[in-house]
Amino acid sequence: IIMRVLCVEFGFTKLQLYQRLSKLSFHPARSIKRAVAIAPDDPYPHYRLGMMYIDLGDKPAAVEECRILEELRSRVRDKDDLMYIYMGYWLEELHSELLRNQH
């Protein structure tokens, strides 16, 4: 949400915003990758990383995060579990973004 607001408010594309943020000490990619390294079985950082890769135009990396998220989702035994449901929504969003950003 913050990224969208900054893009709208300042007229940046997401790529321009990531490039500007990379010059600061805060770097979204490093932060998200660190979250994945700390908790590799937590699906949410994989979802965020996949969305970031889509924004940066790195389709192979985004597809890999989808694969990881699908694998994590397959481990959930209780299909009524809230996390299983959320992972389904996140996968749907990632897949739709990948289709929308095909070149």
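Owing to the predicted nature of the structure, the values given are computational and were not obtained by experimental measurement. (Residues numbered from 1 in each chain as written. Predicted model: local features only at pLDDT ≥ 70, side-chain atom pairs only at ≥ 80, totals over all residues. Heavy atoms only, no water.)

Asks: Help me understand the overall build of the chain in this model?
Replies: Check the secondary structure of the chain and you find six helices and zero strands. For the chain, with 103 residues in total, the buried portion stands at 34%. Partitioning the contacts of the chain with sequence separation of at least 6, the portion at a separation of at least 24 is 45%. In the form shown here, the chain has an accessible surface area of approximately 7,100 Å², with 56% of it arising from carbon and sulfur atoms. (Helix = DSSP H or I, 4+ residues; strand = E, 2+ residues; numbered from the N terminus. Buried < 20%, exposed > 50% of the residue type's maximum accessible area, 1.4 Å probe, protein only. Contact = heavy atoms within 4.5 Å. Areas by Shrake-Rupley, 256 points an atom, 1.4 Å probe, with all protein chains shown as cover.)

Asks: I would appreciate a short explanation of the environment of G57 in the present structure.
Replies: With respect to the element layout, G57 can be found in the loop between helix 4 (43–56) and helix 5 (59–74). The sequence separation of G57 and N101 amounts to 44 residues, and the corresponding C-alpha distance is 7.9 Å.

Asks: Honestly, helix 5 in this entry has me stumped. Any pointers?
Replies: Given 3.6 residues per turn, any residue in an α-helix points the same way as the ones three and four places further on. Compared with an ideal rise of 1.5 Å per residue, which puts 16 residues at 22 Å, helix 5 spans 22 Å between its outermost C-alpha atoms and is within 8% of the ideal. Restricting attention to buried positions, one finds in helix 5 the residues A61, A62, E65, C66, I68, L69 and L72. For helix 5, the angular spread of buried residues about the axis comes to 165°, placing them on one side. Opposite the buried face of helix 5, by more than 90 degrees, sit the exposed residues P60 and S74. Contact partners of the buried residues in helix 5: helix 4 and helix 6 (82–100). (Expected span 1.5 Å × (residues − 1). Arc of directions from axis to C-beta.)

Asks: Looking at this structure, I do not really get helix 6. What am I missing?
Replies: For helix 6, spanning 19 residues, the distance from its first C-alpha to its last is 27 Å, which sits close to the expected 27 Å at 1.5 Å a residue. When helix 6 is considered as a whole, its buried residues turn out to be Y84, M87, G88, W90, L91, L94, E97 and L98. Along its buried surface, helix 6 packs onto helix 4 and helix 5.

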